[in-house]
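# Secondary and tertiary structure notes
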Amino acid sequence: MLEILRENWLYLLVGRYPEGPLGGLALTLVLASVSLALALPGGVLLALGRVSHRRWLRWPVSAFVFTVRGLPLIMVIFWAYFLVPIALGVAVPGYVTMIYALAFFTAAYLAEIIRAGIEAVPRGQIEAAHSLGLDRFHTTLRVVLPQALRNVIPSLVNQFVSLTKDTSLAFIVGINELTYAASQINNRTLNHPAEIFALVAVTYFLICYGLTAYSRYLERRLAWGHR
Amino acid sequence: MDKPLDLSFLLSGQYHDALVAGLVTTLELSGLVAVVALALGVLVAVMRLAPTAPLRWIAAAFIEVIRNTPLLVQLLFWYFGAPQLLPQRLLDWLYAGNFEFVAAFVGLALYTAAFVAEDIRSGIRAIPRTQMEAARACGMHFVQSMRLVILPQALRAMVPALTNQLLNLLKNSSLAMAIGVAELMYQTREIESYTFRSFESFAAATAIYLVLSILITIAAAGFERRSKPA
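### A look at the overall build of chain A
Of regular secondary structure, chain A possesses ten helices and zero strands. Shown N-terminal to C-terminal, the secondary structure of chain A runs as helices and strands in the order α-α-α-α-α-α-α-α-α-α. Within chain A, buried positions represent 39% of all 227 residues. The contacts in chain A between residues at least 6 apart in sequence include a share of 69% that link residues at least 24 apart.

### Considering the overall build of chain B
In terms of regular secondary structure, chain B is built from eleven helices and zero strands. When the elements of chain B are put in sequence order from the N terminus, they spell out α-α-α-α-α-α-α-α-α-α-α. With the C-alpha coordinates aligned to their principal axes, the bounding extent of chain B is approximately 75 × 50 × 25 Å. Within the span of chain B, comprising 230 residues, buried residues form 37% of the whole. Long-range contacts, defined as pairs at least 24 residues apart, comprise 78% of the intrachain contacts of chain B with a sequence gap of at least 6.

### What to know about helix H3 (residues 55-70) of chain A
Along its 16 residues, H3 of chain A runs 22 Å from first to last C-alpha, staying within 8% of the 22 Å computed at 1.5 Å per residue. Looking at the packing, one finds that the buried side of H3 of chain A touches helix H2 (24-50), helix H4 (73-88) and helix H5 (94-120) of chain A together with helix H11 (198-227) of chain B.

### Regarding the interface of chain A and chain B
Each partner contributes to the interface: chain A provides 28 residues, whereas chain B provides 28 residues. Sorting the residues of the side of chain A that touches chain B by element identifies H3, H4, helix H9 (178-189) and helix H10 (193-226) of chain A as the ones contributing at least two each. The element that contributes the greatest number of residues to the side of chain A that touches chain B is H10 of chain A, accounting for eleven residues. Taken together, the residues that form the side of chain A that touches chain B break down as 20 nonpolar, seven polar and one charged.

### Notes on the nonpolar core
Counting residues in each nonpolar core, the largest one holds 120 residues, and the members touching the most others are Val76 of chain A together with Leu75 of chain B. A per-element tally of this core places H5 of chain A first, with 16 residues. When residues no more than four places from it in sequence are discounted, the contact partners of Val76 of chain A are Val68, Leu71, Ala101, Phe104 and Phe105 of chain A.

### Description of the confidence of the model for chain B
All names here are of chain B. Residues at a pLDDT of 70 or more form 97% of chain B, whose mean pLDDT is 92. Mean pLDDT across the secondary structure elements of chain B bottoms out at helix H1 (residues 8-11), with 83, and peaks at helix H3 (residues 53-67), with 96. The ipTM for the predicted assembly is 0.91, set against a pTM of 0.91.

### Some words on the environment of Trp57 of chain B
All names here are of chain B. Here Trp57 shows up in helix H3. According to the C-beta neighbour criterion, Trp57 is exposed, with 12 such atoms within 10 Å. In this structure, the C-alpha to C-alpha distance between Trp57 and Met47, residues ten residues apart in sequence, is 8.7 Å.

### Focus: the environment of Arg142 of chain A
On the secondary structure map, Arg142 of chain A appears in helix H7 (residues 136-151). Here the alpha-carbon distance between Arg142 of chain A and Ile196 of chain A, two residues 54 residues apart in the chain, equals 49 Å.

Thresholds, definitions, all that
- Residues numbered from 1 in each chain as written.
- Chains lettered and ligands numbered in written order.
- Predicted model: local features only at pLDDT ≥ 70, side-chain atom pairs only at ≥ 80, totals over all residues.
- Helix = DSSP H or I, 4+ residues; strand = E, 2+ residues; numbered from the N terminus.
- Buried ≥ 20, exposed ≤ 12 C-beta atoms within 10 Å, placed from the backbone.
- Contact = placed C-beta atoms within 7 Å.
- Expected span 1.5 Å × (residues − 1).
- Nonpolar A, V, L, I, M, F, W, Y, C, P; charged D, E, K, R; others polar.
- Core = buried A, V, L, I, M, F, W, Y, C linked by C-beta atoms within 7 Å.
- pLDDT = per-residue confidence, 0-100.

Here's what the structure looks like:
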């Protein structure tokens, strides 16, 4: 176990970087963070579409959210590999396609979280904003969304935990993040699979458990503010 | 692609058979896991609330470890790693059968059980404490009180959460393709790489997953309506 770790720790952390492309744990974190950064505005827009009064907006957005949430992530990834090159008209590296797929998938889940946050904002807030003379756009932007997003921060952190775990699916399409890097080492060494995959599991656990604990702390602190 | 949207190759012949075989495997895997994970989830949830501290610790550790590691890594561990830890005679027997399916079953069952356990725990906690106290005062011990008083009430309230877990399980079972289980997603990719008809293959699989999700949602809603206490 220690020997495997001593010989491969750098590969598991950053892949072949700086001589080659970034990989390993660093790529896992890049995939998760960039996808979340893209998914967050997407999730807000989809959530606003879901609660819109305009049917022509609400129905297609709801259908999109329902469809994506009804599919396995790997199905969304396959669609992305098929559609992204057509949509962009150029070949893009695998990890870019993966980021698109993760962002689309996560945006649909964030949309439902944020929608719950929007619906939890008391109606009186909206009425008060209207009577102060704010139009619909500014009511949403400056009154509803700040409160809605603040309330769902713990759920957003939990979604980031799911996203970090979901990046492991890049293994199936051969992107050299942590899980794939580990399987490469497993193919090379052959006789220590249990140790290698346990080590990978521990790595994910440390990150995800840390974030989960952080989200519980946030939940307590936000609950305090309401008292 | 000769015609823009030609699904005929999926409606009969070898590719149709492959798709149906994949669907059957997905349903078998998800169905088996659902039954075992529900039982295991109840067990873990009850352990999590047990009066004995070490039982609580074991259950809590199990839940945290499983929930905070990717399912795919767990499947790879059971498929590649676990054989290293098992005795040779058991391995011979496993490899003679469908080892991919067994590894996927074990991984999915443990993963789903950890999530089900948390849903059941919050369902149990929604039942007033006095119910447990009354049961204990009537002379029942902890397990009896759980089985006869708390769980029958709690399970009814948990139908929506458990339905959600069933939907997740259906989707998660697609990861079994990574260790070579020929379920729906695996067959879809096979068909796609043989025929180069990405759009039709993916559209068919997408439609199947969505129809299954809708059917499960409808069935759960019906079940919930019927089981509501008068």
